[in-house]
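One letter stands for each residue in the lines below.
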Amino acid sequence: WGGHGVTPLMEEEDELRKLESLPKDSSLYQMRKKHLEEMLSLKYEAETLKQEAERDDLTRQVDAMKKEHERSEWIQTQQQQLLEAKYRKHLARERPLNAVERELEKRQAEDPSSAEYSPEEGFVLYFDFVVGLPIRVQKQVQIVYGFYQGGNPRTAPKSLPMVDVEPQGTESQRAVMALQRQFAKVPANTSFKVILELQGVQPATKDRGPRTHPIAWTSLALFASESTLNRGMWRVPMFTPPVRADVAPDQLHTLHAIQGMDVFMRLALAQQVEVHNRFSVNP
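An account of the accompanying structure is given in this report. Since this is a predicted model, take the numbers as computed values, not measurements.

## What to know about the overall build of the chain
Part 1 of the reasoning: Per the secondary structure count, the chain includes four helices and 13 strands.
Part 2 of the reasoning: Classification of the 283 residues of the chain by burial places 37% in the buried group.
Part 3 of the reasoning: For the chain, the proportion of contacts with a sequence separation of at least 24, taken over those separated by at least 6, is 71%.
Part 4 of the reasoning: Of the roughly 17300 Å² of accessible surface on the chain, 52% is carried by carbon and sulfur atoms.

## A short note on the packing of aromatic side chains
Part 1 of the reasoning: Tallied over the entire structure, the rule returns eleven aromatic pairs.
Part 2 of the reasoning: Centre to centre, the rings of W217 and F239 are 5.9 Å apart; their planes meet at 45 degrees, and the pair counts as tilted. Taken together, the residues W217 in strand β9 (residues 211-221) and F239 in strand β12 (residues 232-239) connect sequence positions 22 residues apart.
Part 3 of the reasoning: Taken together, the ring pairs in this structure connect Y117, F123, F127, Y145, F147, F183, F192 and F223 into an aromatic cluster.
Part 4 of the reasoning: Sitting over the face of the ring of Y126, R266 holds its NZ or CZ atom 4.3 Å from the ring centroid.

## Things to note about the environment of K193
Part 1 of the reasoning: Along the polypeptide, K193 turns up in strand β8 (residues 192-202).
Part 2 of the reasoning: When its relative accessible area of 4% is taken as the criterion, K193 is described as buried.
Part 3 of the reasoning: For the pair K193 and S219, spaced 26 residues apart in sequence, the C-alpha separation works out to 6.7 Å.
Part 4 of the reasoning: Other than its neighbours up to four places away in sequence, K193 contacts G146, F147, Y148, G150, L220, A221, L222, A245, V247, A248 and P249.
Part 5 of the reasoning: Among the polar contacts listed, one links the side chain of K193 to the backbone oxygen of G150, at a separation of 3.2 Å.
Part 6 of the reasoning: Looking at K193, its side chain comes within polar contact range of the main-chain oxygen of V247, at 3.1 Å.

## Considerations on the side chain of N189
Part 1 of the reasoning: Positionally, N189 belongs in the loop between β7 (172-183) and β8.
Part 2 of the reasoning: In this structure the side chain of N189 is engaged in a polar contact, spanning 2.6 Å, whose partner is the side chain of S191.
Part 3 of the reasoning: Not counting residues within four places of it along the chain, the set of residues in contact with N189 comprises Q149, F223 and E226.

The rules behind each value
Residues numbered from 1 in each chain as written. Predicted model: local features only at pLDDT ≥ 70, side-chain atom pairs only at ≥ 80, totals over all residues. Heavy atoms only, no water. Helix = DSSP H or I, 4+ residues; strand = E, 2+ residues; numbered from the N terminus. Buried < 20%, exposed > 50% of the residue type's maximum accessible area, 1.4 Å probe, protein only. Contact = heavy atoms within 4.5 Å. Areas by Shrake-Rupley, 256 points an atom, 1.4 Å probe, with all protein chains shown as cover. Phe/Tyr/Trp six-rings, centres within 6.5 Å; stacked < 30°, edge-to-face > 60°. Lys NZ or Arg CZ within 6 Å of the ring centre and 35° of its normal. Polar contact = N/O pair within 3.5 Å; in protein donor to acceptor, adjacent residues only side chain to side chain.

No statement about biological role is implied by the geometric values presented.
Listed below in structure tokens is the structure:
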């Protein structure tokens, strides 16, 4: 073999040739046969372990690529949402809110039915902005909301896109959501309410996704009577966590409110959404 050494395969072939040259009933034949079987078994195990290690390494690489792709998509989505939030804030400063009231009063005078609640059409909830955020809240916040009948949840909680916080003087901060959500086919019921939780957001890192923690919460009754939406522009105080779904909105004053922290919302009839959409808020 030209002095290049003996490969594992050649070693086994040489052992097999030696085995075939021996009488099958000899003790040396049995010994060499056992040795060859052990060699083949060890080689098979070593090759199996090698293939498993290569497969595990490939799996880790694929998982790492998937995580990086998911992280990149998440970052891109957040950047898009923040850009949209900045655009909404720009529009909010261009449109005076008191014009909404004047337009609604005008329409109601012309057509009284425009102020009546229609369960089929439902209502629109506007999440305008939050003021009085403590300085310790960093970078971004989000609102998570859900609908309740009394203390019982009627929907799963849903989160709004994250938004940046910005200075509000030197002692506190604010966050402008300028978002709306419409809900149709909702019967009027005085026990219906919306509960909001404001959450601080710790941005995602290379090793983990974003983390949230509760900052404050509040609730708002949806209906003033069995036929009347609790419509209007609301400045609602916020309270220390945890959420107390068992407390009715008219009993919130018995809880510990966070001084100076309020969420500004609008509750509007679905048929009035056109008016509200033309105007927004300037915190």
